[in-house]
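# Per-entry structural report
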Amino acid sequence: MVDLRSQYLNIKQEIDKGIQDVVDSCAFINGPAVQEFQKELEKYLEVKHVIPCANGTDALQVSMMALGLQPGDEVITSSFTFIATAEVIALLKLTPVLVDVDPDTFNIDPKAIERAITSKTKAIVPVHLFGQAAPMEEIMEIARKNNLFVVEDNCQAIGADYIFNDGSRKKAGTIGHIGCTSFFPSKNLGCYGDGGAIFTNDDDLAKQMRSVVNHGMTVRYYHDHIGVNSRLDSIQAAVLRVKLGHLNEYAERRRFAATFYDKAFAGHPKLKTPVRYAKSNHVFHQYTLVTNQVDRKALIDFLMSKGIPAMIYYPVPLHMQKAYLDPRYKHGDFPVTEQLCQHVFSLPMHTELDDEQLEFITRNVLEFLKD
Ligand SMILES: *Cc1c(COP(=O)(O)O)cnc(C)c1O
């Protein structure tokens, strides 16, 4: 699905030097590379504060801890997402409230959010799924009217712009009170291990989150609240500094692949290509198609037999996951999500796909669909 080796070989000199510098300095934790990366990411995102942490799941957890949410508080999120989004809500004994998504963009549906709000609702966690921003203007308006926090799960859309009604732009993840991202290797900005970051324009929240990631400490060995240990290490920061410099070009490469796929599958009766939402410039973390009357498993097996990886993101809606079964929810409650889980599949999407590979992939997909 990704080709990290070819990508590495193209930037090997810069990466190797960055890593070697950290090793030479032995500043493995909180070294200068981490501080430099933080500043560079703040500048890139045009956000006041970036707080590096150990992974995207921690970023979400630390956000919710910093907001002071209490057990029983309700947090609204999408029923069609990676488990981490709901996991941290459940882990903190908050109540995840799921809502359905838009069938075209796969992102959370603002009307469904409004219907899900109760007196216990404290926050909304929109997920910018597959690389495309959720409808943030509507979501922020709902949050403002109901006095709710918004934590953007931006683990899949770093670098994407949200385009406001007036034409102005902001980076996904910098519009809500807090934004979270992951630097897992296969993410759009991936390191060579685990990593994550939290963004905010709010000075108080930033201070709180810097303390939470560091054992609830502001002054050394004085612990004002219960925190966690969640750090980005210097070697990962060195890798990320190099790759941040290429992030826009990487997004262009992904769009190139997506456009190739779009053209090859345009108008096909059995495939729906990803709809591009006018308010976001898609960064294509995934290229996800919706099938129509296709034996999806046979298609994926066929592609696999040709050496083409294809994956299902995600096969099971959150409310049908064993660990999250809840008497509040039953089969049929989130029809769009349930439909998508049965019909979507994703093709290889990364920065190194060339015409020849794309031609081979699309030819084989079309060949399978012929009969
Ligand atoms: C990857 C991902 C996460 C978790 O990130 P990790 O770094 O793997 O902990 C959370 N939410 C979404 C939507 C993701 O894609």
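Residues numbered from 1 in each chain as written. Predicted model: local features only at pLDDT ≥ 70, side-chain atom pairs only at ≥ 80, totals over all residues. Heavy atoms only, no water.

### Remarks on the sheet that holds strand β10 (residues 271-272)
Spatially, the 3 strands line up as an open sheet ordered β10-β11-β12, and their pairing is antiparallel. At either end of the open sheet lies a strand with only one pairing partner, and these are β10 and β12 (344-347). (Pairing = 2+ DSSP bridges. Helix = DSSP H or I, 4+ residues; strand = E, 2+ residues; numbered from the N terminus.)

### Quick notes on the domain arrangement of the protein chain
Split into domains, the protein chain comes out as domain 1 (4-99 + 107-244) and domain 2 (247-370). Its C-alpha centre places domain 1 at a distance of 25 Å from the equivalent point of domain 2. Inspection of the domain 1/domain 2 interface yields 1 salt bridge. Between Lys279 and Glu137 there is a salt bridge whose closest N-O contact spans 3.8 Å. Of all the elements in the fold, those that place two or more residues in the side of domain 1 that touches domain 2 are α1 (4-10), α5 (84-91), β3 (95-99), α7 (136-146), β6 (161-163) and α9 (234-244). Looking at the side of domain 1 that touches domain 2, the element that brings in the most residues is β3, giving 5 residues. (Domains from an automatic or database assignment. Salt bridge = Lys/Arg side-chain N within 4 Å of Asp/Glu carboxyl O.)

### Here we look at the sheet that holds strand β4 (residues 121-125)
In space, the 7 strands of this open sheet follow the order β1-β9-β8-β5-β4-β2-β3, with mixed pairing throughout. Looking at which strands have only one partner, the edges of the open sheet turn out to be β1 (49-53) and β3. Along the sheet, successive strands turn relative to each other by an average axial angle of 25°, direction set aside. Here strand β2 (residues 74-78) pairs with β4 via 4 bridges, running parallel. The residue of β4 that forms the bridge with Ile76 is Ile124. (Axes fitted to C-alpha atoms, helices over the stretch in contact; angles between N-to-C directions.)

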